Amino acid sequence: MRVSRGIAGGGIGAVILLVAALFFGVDPSIVLQNGPTFEDTTSSPQGQPPTAGGELPEFVSVVLADTEDTWHAIFQELGGTYQEPTMVLFTGAVQSACGFAQAAVGPFYCPGDRRVYLDLSFFEELRTRFGAPGDFAQAYVIAHEIGHHVQTLLGITQEVNRLRGQVGQVEANDLSVRVELQADCFAGLWAHRAQRSRQILEEGDIEEGLNAASAIGDDRLQRESRGYVSPDSFTHGSSAQRVRWFERGLASGDPASCDTFSADRI
Ligand SMILES: [Zn+2]
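A. Spatial organisation of the pattern of salt bridges. In total, this model carries 4 salt bridges according to the counting rule given. For Glu159, the salt bridge goes to Arg162, with nearest N and O atoms at 2.4 Å. Here the residue Glu159 and the residue Arg162 both occupy positions in helix α6 (residues 156-164), the gap between them amounting to 3 residues, near one helical turn. Look at Glu159 and you get buried, because its relative accessible area is 11%. Overall, the relative accessible area of 42% leaves Arg162 in the partly exposed class.

Okay, here's the thing in structure tokens:
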């Protein structure tokens, strides 16, 4: 069996940084230097979920560690250092740098404290209410939120927020959709490597997982804290778009394929 080496190769990693630099006027070397310097890192789940020690937190830890392996490798290829996010498991409600969140908010990433907040009851709902194939749907949700962390490390989140303040509502929503689709593509990059090493995917996993995740929605807290005041007009993109960008990352394994910002058609 031929092992795909789509992500390997010194030049390829530079592409996404170049893309970021071109689009956002950011010097890649500054991006790389700024990324790792902010916060110390902890990858252990925190908090006291009622199921602590049970199967789910362990699963979260495994997927988290897998994303860290993947992104450490990719950042290394970029010539930088991946800074691991902190994972916070919660039920009920949680306080973050992005505000106070009820569990109903679902999983979210807070750029302000660089933490991924996972609502354990969300996973339960994913399984029972939406009948999503548990493992993959859950792993996808984690990988998507990690994608937002990567966007923050690369300076993309900050730049998009800045641009969002300079354009009208329609353009701002379009930027938001492109952010979400890029996070889906980044999740696909992770799946590319996980699939390569562990054959995690089964037929239909992707569509079912993405549909379930988008049906519930994520990032509501982020939107609120950033003042996205029209949730009805805000969208993650259609399920078809989300699947397409996830599959793009999955098929290519190439960060440069995740440049949703220069794509004419998303
Ligand atoms: Zn998102």
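Right, picking up where we left off after that structure.
B. Representation of the state of the cysteines in the model. Considering all chains together, one arrives at 2 disulfides under this definition. Each sulfur in the disulfide pair Cys185 and Cys258 lies 2.0 Å from the other. Its S-S torsion of about -75° marks the bond between Cys185 and Cys258 as left-handed, since a negative value means left-handed. Of this pair, Cys185 sits in helix α7 (residues 169-198) while Cys258 sits in the segment after α10 (239-252), and the two are 73 residues apart along the sequence. The cystine pairing of the protein chain, numbering bonded cysteines in sequence order, is 1-2, 3-4.

C. Summary view of the packing of aromatic side chains. The final tally for this structure, using the stated rule, is 5 aromatic pairs. Between Trp71 and Phe186, the aromatic rings sit 5.2 Å apart at their centres with planes inclined by 75°, giving edge-to-face as the arrangement. Of this pair, Trp71 sits in helix α3 (residues 55-78) while Phe186 sits in helix α7; the two residues are 115 residues apart in sequence, bridging distant segments of the chain. Pair check on accessibility: Trp71 and Phe186 agree, each one buried. A centroid spacing of 6.1 Å and a plane angle of 75° characterise the contact between Tyr140 and Phe246, whose relative ring orientation is edge-to-face. Pair noted here: Tyr140 is in helix α5 (residues 134-153) and Phe246 is in helix α10, with a separation of 106 residues, a long-range link. The pair Tyr140 / Phe246 is uniform in exposure class, with both members buried. Cluster of aromatic residues (ring-pair linked, three or more members): Trp71, Phe75, Tyr82 and Phe186. Its guanidinium or amino end placed over the ring of Trp245, Arg248 lies 4.1 Å from that ring's centre, counting from NZ or CZ.

Calculation criteria
Residues numbered from 1 in each chain as written. Predicted model: local features only at pLDDT ≥ 70, side-chain atom pairs only at ≥ 80, totals over all residues. Heavy atoms only, no water. Salt bridge = Lys/Arg side-chain N within 4 Å of Asp/Glu carboxyl O. Helix = DSSP H or I, 4+ residues; strand = E, 2+ residues; numbered from the N terminus. Buried < 20%, exposed > 50% of the residue type's maximum accessible area, 1.4 Å probe, protein only. Disulfide = S-S within 2.5 Å. Phe/Tyr/Trp six-rings, centres within 6.5 Å; stacked < 30°, edge-to-face > 60°. Lys NZ or Arg CZ within 6 Å of the ring centre and 35° of its normal.

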